[in-house]
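Overview (structure and organization)
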Amino acid sequence: MDAFVWVLITLYTWPFVEFSVAQNTDDFNSTFARANESVIDLLGRQNFTDYENSTTLDVEIVSTASNVVSTRDGTGFSTPSTTESTPLSMSPQVPLPLSGSLPPSVTDVSRICPCDQLKDQCDPNCCCDPDCRQELALFTSCTVKTVRGEPKLCGQDVVTYTISETIDGYAQVQRSVQQEVNLDVFCIQSTNYEAGLSLAAPEVPTAGNFDGLYKHFVQFLFGSANNGATTSTVEPLTSPGYLYGDVIETEEESRGRGFFRLPAPSVTAHCSDLNPAAFLREQSNRCMRSLVLERDCTTLQALNMHSYTDPRLLSKKSEDARFVAVEVTSIVLQSLEGTQTQLNITGDLSLDPLLLNSVAPDSAVCINVVLQVGYTVTYSEAGDIVNVNASLVLGAIDRNMVPMEQEFQIEFVQQNVDQVALHSSGNPGYVVGLPLLAGSKTADGIVHSADSRGDFTLLHGSKLSNCLRGPHHRSPVLFGVDMVSGCTLRLDETANCSVVSEVVLGVLRGQSFPQYVASFGNSPSQNPMDWVPIRNQTKPTEAQSCSIPLSLHLEVQWTQYGSLVNPQAQIVSVVEVIHTNTSNLALLSGGSRVMSVTSSVTFVPVSAAARPGFKASPTIDAKLPYDFFFPFV
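These remarks concern the structure in this document. (Residues numbered from 1 in each chain as written. Predicted model: local features only at pLDDT ≥ 70, side-chain atom pairs only at ≥ 80, totals over all residues. Heavy atoms only, no water.)

Here we take up the sheet that holds strand β22 (residues 445–447). Reading across from one edge, β22-β21-β26-β27-β29-β28-β30-β25 is the order of the 8 strands in this open sheet, with mixed pairing throughout. Of all the strands in the sheet, just β22 and β25 (483–490) have a single pairing partner and so form its edges. In this sheet, adjacent strand axes meet at a mean angle of 30° when their direction is disregarded. Bridge analysis of strand β21 (residues 438–442) against strand β26 (residues 516–518) gives 2 bridges, and the strand direction is antiparallel. Across the sheet, residue G439 finds its bridge partner in β26, namely Y516. (Pairing = 2+ DSSP bridges. Helix = DSSP H or I, 4+ residues; strand = E, 2+ residues; numbered from the N terminus. Axes fitted to C-alpha atoms, helices over the stretch in contact; angles between N-to-C directions.)

Let us look at the packing of aromatic side chains. Tallied over the full model, the rule gives 11 aromatic pairs. Ring geometry for F520 versus Y561: centroids 5.8 Å apart, planes at 70°, classification edge-to-face. Of the two residues, F520 is situated in the loop between β26 and β27 (531–538) and Y561 in strand β28 (residues 549–561); the sequence distance between them amounts to 41 residues. By the ring-pair criterion, three or more aromatic residues cluster together here, those being Y242, F279, Y379 and F412. Its end group placed over the ring of F513, R509 keeps NZ or CZ at 4.9 Å from the ring centre. (Phe/Tyr/Trp six-rings, centres within 6.5 Å; stacked < 30°, edge-to-face > 60°. Lys NZ or Arg CZ within 6 Å of the ring centre and 35° of its normal.)

Let's shift gears to the state of the cysteines. Applying the stated criterion across every chain, the model contains 8 disulfides. Across the disulfide, C127 is cross-linked to C142 (sulfur-sulfur distance 1.9 Å). Every disulfide takes its handedness from the sign of the S-S torsion; for C127 and C142 that torsion is -90°, giving left-handed. Placement of C127 in the loop between β5 (86–88) and β6 (146–148) and of C142 in the loop between β5 and β6 is noted, with a sequence separation of 15 residues between them. Pair check on accessibility: C127 and C142 agree, each one buried. Across the disulfide, C467 is cross-linked to C487 (sulfur-sulfur distance 1.8 Å). Classification of the bridge connecting C467 and C487 rests on its S-S torsion, roughly 100°, and on that basis the disulfide is right-handed. In this pair, C467 sits in the loop between β23 (457–459) and β24 (474–476) while C487 sits in strand β25, placing the two residues 20 residues apart along the sequence. (Disulfide = S-S within 2.5 Å. Buried < 20%, exposed > 50% of the residue type's maximum accessible area, 1.4 Å probe, protein only.)

With that out of the way, let us pick up the environment of S350. Residue position: S350 is located in the loop between β16 (340–343) and β17 (354–356). Of the residues examined, S350 reaches a relative accessible area of 43% and is grouped as partly exposed.

For the rest of this paragraph, the subject is the pairing of strand β8 (residues 171–181). Bridge count for strand β7 (residues 155–165) against β8 is 11 bridges, and the pairing is antiparallel. Considered in β8, the bridge of D157 is made with Q179. As consecutive antiparallel partners, β7 and β8 are separated by 5 residues, and within that stretch G169 has a phi angle of approximately 90°, a positive value.

A sheet is described by the order of its strands in space; here 3 strands give the open sequence β6-β7-β8, paired in antiparallel fashion. A strand with exactly one partner marks an edge of an open sheet, and here the two such strands are β6 and β8. Sheet twist, expressed as the average angle between the axes of neighbouring strands with direction ignored, equals 20°.

In terms of nonpolar packing, the biggest core is built from 36 residues, with Y430, L436, F456, V517 and I571 touching the most fellow members. Excluding anything up to four places from it in sequence, Y430 contacts S425, P435, L436, L437, F479, V517, A518, S519, F520, G521, A569 and I571. With 31 residues, the next largest nonpolar core counts Y242, C287, V377 and I385 among its residues. (Core = buried A, V, L, I, M, F, W, Y, C linked by side-chain atoms within 4.5 Å. Contact = heavy atoms within 4.5 Å.)

A few words now on the pairing of β7. Where β6 lies against β7, 3 bridges are found, and the strand directions are antiparallel. Paired with V147 across the bridge in β7 is V159. Linking two consecutive strands that pair antiparallel, namely β6 and β7, is a turn of 6 residues.

For the coordinates displayed, the defined rule picks out 11 salt bridges. Residue R286 pairs with E407 through a salt bridge whose shortest N-O separation is 3.7 Å. Linking R286 in strand β13 (residues 283–289) with E407 in strand β20 (residues 404–414), this pair joins segments that are 121 residues apart in sequence. Note that D320 is salt-bridged to K316, the shortest N-O span being 3.7 Å. (Salt bridge = Lys/Arg side-chain N within 4 Å of Asp/Glu carboxyl O.)

Among the surface-exposed residues, L624, F628 and F629 lie close enough to one another that they form a single nonpolar patch of about 340 Å² accessible area. Classification of L624 by relative accessible area gives exposed; the value is 56%. (Patch = residues over 30% accessible without salt bridge, like charges linked within 9 Å, V, L, I, M, F, W, Y side chains within 5 Å. Areas by Shrake-Rupley, 256 points an atom, 1.4 Å probe, with all protein chains shown as cover.)

Quick look at the structure:
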């Protein structure tokens, strides 16, 4: 009768255990011979006796049949039975060497103590702690009651700790060691290599061993397969140009190297001039600057445009880098009222801050103060900086505008790149917090900006900002984020109703108000059917009344599209609602001379409730032959 046996092969020298399963005693010869051949291939020799420091090999046969007994002699194996005996022999030309008995277990389970955390000190209620002697009498329980050895072994020792009470009322710890049988189908009978029971922990790279690990693995990957062959060392690749995240270097006054600074808020909202500009990391920072107008107008370097245009940048990190000067391409002058004027740049233009003293007390004005700085860095494919352009906004401030706000931006543009990568806000559905894609329709499709902030923006003002005076900051409309903002309108400035109405509507909508919004976050611009038109609803006004927009509200309706497991957000409708005054502005203001003009956006989910889709119950359509019941019917 065939007997199912499993064979355990333990290699003393090698840190692994090999299992082999044979269906019967005849198949065992071929199975063991194949295992033997694989071992010979690993050793690289023809037999075990030719290999110096030969590996000791033990084979133990554990059978599930009661009539099979394992024996071992110096040349082969046999399994005697009550009816017949079938020898299990290996290949005659590769005899197995004699081996002694397996050594005892490498792990003494009685010495294992998981709760021993303190060195040379007794851990409370740790019954297996060898440092606990007199403290055992004060124990109330054992935190670890059972300690087992290696679970992969067929037979493992189990130590049990219990506490009993003596006649005097003190605690007494009792320890008992028992043998527990592993009921798994595959187990290890004996082992003398403790590290082979688990995967070796990889060596963690540090500053001290990194070079050695690098050389070791480079030789393993790129070295010769032949033993003794010389391997060439591979030098790490270094790039003379800037890489992503590298700090842009500049030339200091002492001819040394510094870093390019881009002011940003630190712990508070106040500006910190030590913020470095990193290569390919675009930034947009706003911060506050505290100053004393009469003292700091002409002396504080953070207000002077030369602090932002004089630095010379190094084109790359290597020693042969050239210097790149900052080129001023645009200067905008801003008045106290917020009116902006573009300045024509001719030759060397120097606009240093200047303090203007008026006859009236406490009415000093500082002009040519830096309010905004925008850098555009053009770089090559190799990571070299080609040129740097700067656009500035210089304005006038008085004591009422202190502390003042400054804005700094930096963007990177690759040289000789015609196609601009358009951003997406989802794939395909919109992701909450990303800007809506919007644009205008042309004959070739939808045209929208490559700016990551999008074309669909909302007025970002405060209760103190004036609708008719700039500057007006705007924020992108983010999917799933409801927003409300606005500005104030003084009634004494509404004399020319038509002009005020047009200006307020332009402030609420912004420049280049889009006509379409993408239904999905990655809708292609060449498919206009994937874009949703923005519908306009303007509340009618009464006749002979001044029609001035008082609020602009955007209602975005969206739904969940696709499977219930992974639904995708889709925009189905966008409505722009403009409310204008229906009566006299003085009556609407309630006697006040200031009115609030608001802009808002809300996202309304219109998804229908999911319905379970059950298939129709099957119907039985069975037809018997017409003579089935013949001759009875």
